[in-house]
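A closer look at the structure
Below, each chain spelled out in residue letters.
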Amino acid sequence: MHAVRLQGGIWVGNLHTGADAAQGVGAAEALLGWAQGAPVIMGGDFNVHDPALPGLSRAGAHGVDQVYASEGLEAAGPPQVFDRGRLSDHAPVLVEVSPQA
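Here's what I pulled together on the structure shown here.

Analysis parameters
- Residues numbered from 1 in each chain as written.
- Predicted model: local features only at pLDDT ≥ 70, side-chain atom pairs only at ≥ 80, totals over all residues.
- Heavy atoms only, no water.
- Helix = DSSP H or I, 4+ residues; strand = E, 2+ residues; numbered from the N terminus.
- Buried < 20%, exposed > 50% of the residue type's maximum accessible area, 1.4 Å probe, protein only.
- Contact = heavy atoms within 4.5 Å.
- Polar contact = N/O pair within 3.5 Å; in protein donor to acceptor, adjacent residues only side chain to side chain.
- Pairing = 2+ DSSP bridges.
- Axes fitted to C-alpha atoms, helices over the stretch in contact; angles between N-to-C directions.

Quick look at the side chain of S70 now. With respect to the helices and strands, the residue S70 is situated in strand β5 (residues 65–70). Judged by its relative accessible area of 7%, S70 falls in the buried class. Residues within four places of S70 in sequence aside, it is in contact with L32, A38, P39, V40, G55 and L56.

Written out as structure tokens, the structure is:
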């Protein structure tokens, strides 16, 4: 997994796992630990449909490509799926996330 802390304090992580839900769980635990209570968004190719990630809720998905957010954040609308072109066998997924109302 790769992750960065944005200027506003939100942590954003991206990963690609094998077909093993435990890898996504481990990545979520690591990212939440790095964030130390700051908001978290994690997305990527999980190779598993709808894994349960403690501390995160699914904000949007397209197949095994999913975006999760920590408590206090929610999807601002449905996910957008773009043409994958020739670069990948996965289509890019865009999920706009905002603070929960």
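Our next topic: the side chain of T17. Checked against the element boundaries, T17 lands in the loop between β2 (11–16) and α1 (21–35). Of the polar contacts made by the side chain of T17, one reaches the backbone oxygen of F46; its length is 2.5 Å. When sequence neighbours within four positions are dropped, the list of residues in contact with T17 reads Q23, G24, D45, F46 and N47.

Right, let's talk about the sheet that holds β2 for a bit. Spatially, the five strands line up as an open sheet ordered β1-β2-β3-β5-β4, and their pairing is mixed. Bordering the open sheet on either side are β1 (2–5) and β4 (56–62), each of which pairs with just one other strand. On average, adjacent strands in this sheet sit at an angle of 15 degrees to one another, irrespective of strand direction. Across six bridges, β2 lies against strand β3 (residues 40–45) in parallel orientation. Each residue of the ladder has a partner; that of L15, found in β3, is G44. The strands touched by α1 are β1, β2, β3, β4 and β5; relative to β3, the strand with the most contacts, the crossing angle is about 150 degrees.

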